[in-house]
Amino acid sequence: MEERKQMQNVATRKIVVPGELLMKGHMKPGVGTYARDGQIFAATVGILNVHGNYVNVIPLSGKYMPRVGDVIIGKIIDVAPTNWLVDINAPYPAPLHISGTPWRIEMGETQKYLNVGDMVLCEVEAVDETKRVMVTMGKPGCKKLLGGEIIEITPTKVPRVIGKGGSMINLLKNYTKCRIFVGQNGRIWIEGSVEQIAIAILAIRKIEEESHLLGLTDSIKNFLEEKTKNLTQ
Amino acid sequence: MSGIGMENKPKLVDENGRRIDGRKLDELRPIRIEAGVLKRADGSAYVEWGENKVLAAVYGPREAKPKHIQNPARAIVQCRYNMAPFSVSERKRPGPDRRSVEISKITGEVFENVLFLEMFPRASVDIFIEVLQANAGTRCAGITAASVALADAGIPMADLVPACAAGKIDGQIALDLKKEEDNYGEADLPVAIIPRTKEIVLLQMDGNMSQSEFETALNMAIDACMKIYELQKEALKNKYKGEQEVEREEVQTPKQEQR
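None of the values given here were measured: they were computed from a predicted structure.

### A word on the overall build of chain A
In terms of regular secondary structure, chain A is built from 6 helices and 16 strands. Counting only C-alpha atoms and orienting by the principal axes, one finds that chain A spans roughly 60 × 55 × 25 Å. Per-residue burial for chain A yields a buried fraction of 41% across its 233 residues. Across chain A, the fraction of contacts at a sequence separation of at least 24, relative to all contacts at a separation of at least 6, is 57%.

### Points about the overall build of chain B
For chain B, the count of helices and strands is 5 helices and 10 strands. Against the 2.2 N^0.38 benchmark of 18 Å for 259 residues, chain B shows a C-alpha radius of gyration of 20 Å, consistent with a compact globule. Once the C-alpha set of chain B is aligned to its principal axes, its extents read approximately 80 × 45 × 35 Å. The 259 residues of chain B split such that 45% are buried. In chain B, once contacts between residues fewer than 6 apart in sequence are set aside, the share between residues at least 24 apart is 70%.

### Comments concerning the sheet that holds strand S16 (residues 187–191) of chain A
All names here are of chain A. Within the open sheet, the 3 strands sit side by side as S14-S16-S15. Their pairing is antiparallel. Because the sheet does not close on itself, it has two edges, and the strands there are strand S14 (149–152) and strand S15 (179–182). Strand-to-strand twist of the sheet, defined as the mean angle between neighbouring strand axes without regard to direction, takes the value 20°. Note: S15 against S16, 4 bridges, orientation antiparallel. Considered in S16, the bridge of isoleucine 180 is made with isoleucine 190. Running at roughly 155° to S16, helix H5 (residues 194–209) makes contact with S14, S15 and S16 of the sheet.

### Some words on helix H2 (residues 138–152) of chain B
End to end, H2(B) covers 21 Å across 15 residues, agreeing with the expected 21 Å (1.5 Å per residue, within 8%). Looking one or two residues past H2(B), B:Gly154 carries a phi angle of roughly 75°, positive in sign.

### Some thoughts on the sheet that holds strand S5 (residues 39–42) of chain A
Sheet strands pair by backbone hydrogen bonding; their relative direction is either parallel or antiparallel. All names here are of chain A. The 3 strands are arranged S2-S5-S4 in an open sheet whose pairing can be described as antiparallel. The sheet is open, and its two borders are formed by strand S2 (21–24) and strand S4 (33–36), each paired with just one other strand. Put simply, the sheet's adjacent strands are angled 25° from each other on average, direction ignored.

### What about the environment of B:Glu180?
Residue and element names in this part refer to chain B. Of note, glutamate 180 is situated in helix H3 (residues 179–184). For glutamate 180 and isoleucine 193, which are 13 residues apart along the polypeptide, the C-alpha to C-alpha distance reads 26 Å. Residues within four places of glutamate 180 in sequence aside, it is in contact with Pro10 and Ile20.

### Things to note about the packing of helix H4 (residues 167–176) of chain A against H5(A)
All names here are of chain A. Two elements in contact, H4 and H5, have axes whose closest approach is 10 Å; the angle formed by their N-to-C orientations is 155°. The angle between the axes of H4 and H5 places the two elements in the roughly antiparallel class. Of the two elements, H4 crosses H5, and the hand of that crossing is right-handed. Contact with H4, carried on its side by Met168, Leu172 and Thr176, involves Gln196, Ile199, Ala200, Ala203 and Ile207 of H5 and no other residues of that element.

### A word on the pairing of strand S8 (residues 71–79) of chain A
Residues and elements named next belong to chain A. Of the strand pairs in this sheet, S8 and strand S11 (residues 119–127) are connected by 5 bridges, and their pairing is antiparallel. By the bridge assignment, isoleucine 72 is partnered in S11 with cysteine 122. Relative to strand S9 (residues 83–87), S8 runs antiparallel, the two being bridged by 4 bridges. The residue bridging isoleucine 76 from the neighbouring strand is valine 86, located in S9. Where S8 folds back onto S9 in an antiparallel hairpin, the turn is made up of 3 residues.

### A look at the pairing of strand S4 (residues 76–83) of chain B
Regular strands place their side chains on alternate faces of the sheet. Residue and element names in this part refer to chain B. Across the two faces of S4 the burial differs, with Val77, Cys79, Tyr81 and Met83 buried and Ile76, Gln78, Arg80 and Asn82 not buried at all. By the bridge criterion, 8 bridges tie S4 to strand S5 (residues 123–133) in an arrangement that is parallel. The residue bridging methionine 83 from the neighbouring strand is valine 131, located in S5. Note that the unit made of S4, helix H1 (residues 98–112) and S5 has a crossover that is left-handed.

### Examining unusual backbone geometry
In this structure, the amide linkage connecting B:Gly60 to the following residue, B:Pro61, adopts the cis form with an omega of 0°. Here B:Pro61 shows up in strand S3 (residues 52–63). A positive phi angle, close to 50°, is found at A:Asp37, a residue other than glycine. Looking at the secondary structure, you find A:Asp37 in the loop between S4 and S5. Note on A:Asp37: 7 C-beta atoms within 10 Å, which makes it exposed. Positive phi, normally seen in glycine, also occurs at B:Lys198, with a value near 60°. Residue placement: B:Lys198 occurs in the loop between strand S8 (187–194) and strand S9 (199–203).

The rules behind each value
Position numbers for residues start from 1 in each chain and track the written sequence from start to end. Working convention: letters from A go to chains and numbers from 1 go to ligands, in the order in which they are written. Local features in this predicted model are restricted to residues of pLDDT 70 or higher, and side-chain atom pairs are both shown and tallied only at a pLDDT of 80 or more, whereas totals for entire chains, interfaces and linings draw on every residue. The way it works is that DSSP assigns letters per residue, a run of H or I at least four long becomes a helix, a run of E at least two long becomes a strand, and they are numbered from the N terminus. Between the buried cut of 20 or more and the exposed cut of 12 or fewer other C-beta atoms within 10 Å of a residue's own C-beta lies the partly exposed class, and all C-beta atoms are placed from the backbone. Here contacts are defined at the residue level, using C-beta atoms placed from the backbone and a cut-off of 7 Å between them. Radius of gyration: over C-alpha atoms. The globule rule applied is 2.2 Å multiplied by the number of residues raised to the 0.38 power. Two strands pair if DSSP finds at least two bridges between them. Helix axes are fitted to C-alpha atoms over the stretch in contact, other axes to C-alpha atoms as well, and angles between N-to-C directions run from 0 to 180 degrees. A helix is expected to span 1.5 Å for every residue after the first. Between 65 and 115 degrees an angle is taken as roughly perpendicular, under 35 as roughly parallel, over 145 as roughly antiparallel, and anywhere else as oblique. In this scheme the crossing of two helices becomes right-handed for a clockwise turn of the near helix relative to the far one and left-handed for an anticlockwise turn of less than a right angle. Here is how to tell: hold the view so the strands point away, follow the path from the first strand over the helix to the second, and if it runs clockwise the crossover is right-handed.

Laid out in C-alpha cells, this is it:
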C-alpha cells in the first residue's frame, strides 16, 4: 500500500510518450495504455495517472471520440427526408433521426426545422462496434442553438474549461454574464453582448493555453476581474 | 570499383578511418527533431538530419473518403512522401514518380505495424512527408519525423518508430551515408525498428554486401535507431514540458456537471 501511494505521487506529474514502460505487475491497463507480457506501456503522449487499480495516460492531444451520453454541439451538414447528418467534430459524422427530435415532423419536412449550417445541442445516443454514431435531441436540454457564438478548442482540454465540479465554467458565467455551454466534443457556445463574448473567448483561449499551470482558476479569476472592470467603466 | 559514374569517385574513407565530413564509420550526422511545428495539421514534426530537412504532417483519424476505401474493421493508413523541386541539386520535376510512390507505400506500411488501427474503424490516418532538402537518407528521416508527428496528433500507437541507414563505402561498413557516400558507395541499407521489441518494420537494400557485412550493417543501424529513438522522445517531451506541472486534482477528468 505504501508503495502504491509513493507511485501515485511520482506518477502525477510525469509526461510519457508512446512505448514507454509505465508499470510492471499487478496493475490494470486503463485509457491510453496497452499491456504486453504482463507490463503496461503508454499508447499516447500524455500525463501518467494512477487511479485505483488502473494505470491511465491522460492524453494531451487527439480527436474527440464519441461516447454514449456525451452532450455535444453538432453542425448539420446534410438533410435527408427522415434524418439529418450531423458533424460532431469526431472522425465520423452522425445521423440524427426525426424520431429523436422534440418536434412532430412529417416525412420530407425536415428542412423546415433544421437546415445545413444550423448548430444543435444533442446527445450521443448510440455508438456501435464499427463506430457508427447516433445522436438524439430527445433528451432534456437539447435544442437548436440560435444566436451566440461557437468556438472550438482541443477536445482533451474540455475538462479544464469546465473545471473541478464546474468551478471554471461557473467563474466564466459569473464574470462575463454570458450563457455558455461546453460540448464534450470541444465546441463551446457562448451567448451575450459582443464585449462579453469577446472576454469569454479570450478567457477560454487562456485556459486552453495555460491548462497545465498551477493555480489556473485563480489566474483566470484575476484575468476576468481585470477585463470585466473595464467593461463597466 | 568500376562502373558508370565512378570516374570522379572521391576517397570516402581516409587513412585514419575518417569520412569526408570528418565522421567516424559508426557516427551519425547531427539530428534535430521538433514536434508540433504546424498549426493546421493534427500533428506535425520537423527533422533536420545532417543536410536533410524533412517536414511531416499528420491528419486524422478522419473519415476515409471515397467510401469504398474504408475498412469496416480498422483504420487505413495513407501516406504521401514528396520531394520539393528545390530539394536536390538539379531541379526535380514535381509530382509523384516511381521512387516516391514506393517510399510512400513502405512508409505507410511501417506505421500499420504500430498504430492501434482497430480503434478507428472506417477511418483514415493521413501522413504527409515533405522533403525540403535532400542529402541521402530522406526515407529514414521521413519515417522518424512521421512517427513523432503521429504521436503529436495523439493517435494511439504501440511505439515510436526510429529509422536509420547503414551502408558500405570503400569496402567498409559505415553508418548513415550522406549523398556522396550513397552515390559512390557500394551498398545502402535503410532500417526501421520498433524499439521496445527490436522488431524490424522496414528493411531495404540497394547494392551488394556479403552476409557478414550485412549483419554488421544491420546491427549498426539498429543501434543507431535506438539513439534516434531517444531524440524522438526528447522532442515530444520538450513540446509538452509545461504540462508536467499539472495539479494532481485537475488531472482526474471530472465528469461534466453544468447547465
